[in-house]
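Working through the structure, step by step
Here is how the chains run, residue by residue.
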Amino acid sequence: MSRRPVAVFAIAPWAFDGVFPADLLTRLRQLVDIDPAARFTSLAGPAAAAALEKADLLITGWGCPRIDADVLAAAPRLRALVHAAGTVKARVDPVVFEHGVVVSSAAEANAVPVADYTIAMLVLGAKQAFSRARRYAAAGEDSPRDWLSGEGTGLHGCTVGVIGASRIGRHVLHRLRQFDVEVLLHDPYVSRAEAARLGAELVGMDDLCRRSDLVTVHAPALPETRHMLDGRRLDLLPDGAMVINTARGSLIDTEALTRACADGRVSAILDVTEPEPLPPGHPLLGMSNVLVTPHLAGAQGRELRRLGEFAVAEVSRFVNGAPLLGRVEPEQLPYIA
Ligand SMILES: NC(=O)c1ccc[n+]([C@@H]2O[C@H](COP(=O)([O-])OP(=O)(O)OC[C@H]3O[C@@H](n4cnc5c(N)ncnc54)[C@H](O)[C@@H]3O)[C@@H](O)[C@H]2O)c1
């Protein structure tokens, strides 16, 4: 590139400061010409058109508009789109790939806190920490002090079923190597040999459900993954099993899960639900064997800068002609998040 590359931000103001703190902006400005004060949430209109006309790179994030043929027409120099957030595919029209614009996402950086959350929930969920804490808090003077009774608790020696060797699934599989657990994996895109390298036995969904004490869901929301944990498969789970969902609510049949949790046979930790949020008073919100968190497993607060660090490193790789680590290829779109 003979002249200094020009980059433009398309990101919502609420997402900006956490993802791009001052020191990262300084690093970014050493790489490209960029006006940090100009952050577009719409790429229509004269101000956006003037910025797009010179742009070699778009740095997008939460709240960015869809990048389509109109944006490309306004941005004749555009060569890369660096998304400083997780899934990018809903934001990018296929025409972007057809124009040869390189697309990168920071989903790998967003995978880290989700995997951390999952491991925390596997450890605490296997200890039944949340339901026991509720019993402890609600106990009166004369209540039985039974919150530590609970045979068969603890992660040690458990079988953990991982659905999806996605980016997050792989981080979880890697972390699970530190525990004395048997690991099962269901993923139609992974071979038996690769699963073994990831420390897991590759199994079908039914087998995974039959054999897992804890099931953790990491597949993308796709037509074929909708309700992959349906009533029939939830019935296959051993008594006392726990389901953890940090992926998308659509992967589990909420009504069937509600029934399975209501009769106490299964417990659940859900960071995502269908619908999301659950309506006030939904039975899952009131069950002592269910913990629902408000979609907070991904990058939050201090974790946000990881996304910005990833994006700035991608810009650096782009400017220096190195391959992008978060590159999204159009042929991956049908099976990624
Ligand atoms: N709770 C949160 O805050 C949060 C944050 C980030 C991502 N997510 C969700 O976590 C999930 C994983 O995200 P990611 O970025 O790691 O995904 P990803 O894009 O890396 O997942 C793609 C992989 O999923 C696997 N896969 C595809 N179809 C499958 C199927 N039918 N069964 C099993 N595995 C299948 C394949 O290995 C594929 O390569 C997604 O559902 C995503 O939306 C949630």
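Residues numbered from 1 in each chain as written. Predicted model: local features only at pLDDT ≥ 70, side-chain atom pairs only at ≥ 80, totals over all residues. Heavy atoms only, no water.

With respect to the overall build of the protein chain
For the protein chain, the helix and strand inventory stands at 13 helices and eleven strands. Seen through its C-alpha atoms, the protein chain measures out along the principal axes to roughly 75 × 50 × 35 Å. Per-residue burial over the protein chain gives 52% buried out of 337 residues. Put simply, 64% of the contacts in the protein chain that link residues at least 6 apart link residues at least 24 apart. (Helix = DSSP H or I, 4+ residues; strand = E, 2+ residues; numbered from the N terminus. Buried < 20%, exposed > 50% of the residue type's maximum accessible area, 1.4 Å probe, protein only. Contact = heavy atoms within 4.5 Å.)

Here we look at helix 12 (residues 254-262)
Where helix 12 is concerned, the buried positions are Thr254, Ala256, Leu257, Thr258, Ala260 and Cys261. Against the buried residues of helix 12 lie helix 11 (231-236), strand 10 (266-270) and strand 11 (290-292). Two to three positions downstream of the cap, the backbone nitrogen of Glu255 sits 3.1 Å from a side-chain oxygen, assigning the N-cap of helix 12 to Asp253. (Polar contact = N/O pair within 3.5 Å; in protein donor to acceptor, adjacent residues only side chain to side chain.)

Focus on the environment of Ala15
By secondary structure assignment, the location of Ala15 is in helix 1 (residues 13-19). For Ala15, a relative accessible area of 2% gives the class buried. Between the C-alpha atoms of Ala15 and Ala84, which are 69 residues apart in sequence, the distance is 9.7 Å.

What to know about the nonpolar core
In terms of nonpolar packing, the biggest core is built from 30 residues, with Phe9, Phe20, Leu28, Val32, Leu57, Ile59 and Val315 touching the most fellow members. Sorting the residues of this core by element identifies strand 1 (7-10), helix 1, helix 2 (22-31), strand 2 (57-60), strand 3 (80-83) and helix 13 (305-319) as the ones contributing at least two each. The biggest single contributor to this core is helix 13, with six residues. Those residues within four positions of Phe9 in sequence are excluded, and the remaining contacts are Phe16, Phe20, Leu25, Leu28, Ile34, Asp35, Pro36, Ala38, Arg39, Phe40 and Ile59. (Core = buried A, V, L, I, M, F, W, Y, C linked by side-chain atoms within 4.5 Å.)

Thoughts on the domain arrangement of the protein chain
Taken domain by domain, the protein chain consists of domain 1 (7-105 + 301-332) and domain 2 (110-292). Once you take the C-alpha centre of each, domain 1 and domain 2 turn out to be 35 Å apart. Among the residues of domain 1 in contact with domain 2, Glu303, Arg306 and Leu307 are the three that bury the most area, contributing 56% of the side total. Seen at the junction of domain 1 and domain 2, the total is zero salt bridges. Where domain 1 meets domain 2, there are zero residue pairs in polar contact (both at pLDDT 80 or more). (Domains from an automatic or database assignment. Buried area = accessible area lost by both parts, 1.4 Å probe. Salt bridge = Lys/Arg side-chain N within 4 Å of Asp/Glu carboxyl O.)

Notes on the site of the ligand
Taken together, the neighbourhood of the ligand is formed by 28 residues, with Ile168, Asp187, Ala219, Gly298 and Ala337 sitting nearest. Ser166 is positioned such that a nitrogen or oxygen atom in its side chain is 3.2 Å from an oxygen atom of the ligand. Separating an oxygen atom of the ligand from a backbone N or O atom of Ile168 is a distance of 2.8 Å. Alone, the ligand offers 880 Å² of accessible surface; in the complex the protein occludes 91% of this. Of all the secondary structure elements, the ones that give two or more residues to the shell around the ligand are helix 6 (107-126) and helix 8 (167-176). Residues belonging to the shell around the ligand are distributed by class as follows: 15 nonpolar, nine polar and four charged. (Near = heavy atom within 4 Å. Areas by Shrake-Rupley, 256 points an atom, 1.4 Å probe, with all protein chains shown as cover. Nonpolar A, V, L, I, M, F, W, Y, C, P; charged D, E, K, R; others polar.)

Overview of the pattern of salt bridges
In the structure shown here, the tally under the stated rule is 16 salt bridges. Of the charged contacts, one joins Asp93 and Arg66 as a salt bridge, the two residues approaching to 3.4 Å between their closest N and O atoms. Separated by 27 residues along the polypeptide, Asp93 in the loop between strand 3 and helix 5 (94-98) and Arg66 in the loop between strand 2 and helix 4 (69-74) bring together distant segments of the chain. Arg66 gets classed as partly exposed once you look at its relative accessible area, which sits at 40%. For Arg233, the salt bridge goes to Asp206, with nearest N and O atoms at 2.8 Å. Separated by 27 residues along the polypeptide, Arg233 in helix 11 and Asp206 in helix 10 (residues 205-211) bring together distant segments of the chain. Residue classification places Asp206 among the partly exposed residues on the basis of a relative accessible area of 21%. Through salt bridges with shared partners, a single network forms among Glu182, Glu201, Asp207 and Arg211.

Overview of the sheet that holds strand 4 (residues 102-105)
Strand order in the open sheet made by the four strands is 1-2-3-4, with parallel pairing throughout. Unpaired on one side and paired on the other, strand 1 and strand 4 mark the two borders of the sheet. With strand direction ignored, the average angle separating the axes of adjacent strands in the sheet is 15°. In the sheet, strand 2 pairs with strand 3 via four bridges, with the strands oriented parallel. Counted as the bridge partner of Ile59 is Val82 from strand 3. (Pairing = 2+ DSSP bridges. Axes fitted to C-alpha atoms, helices over the stretch in contact; angles between N-to-C directions.)

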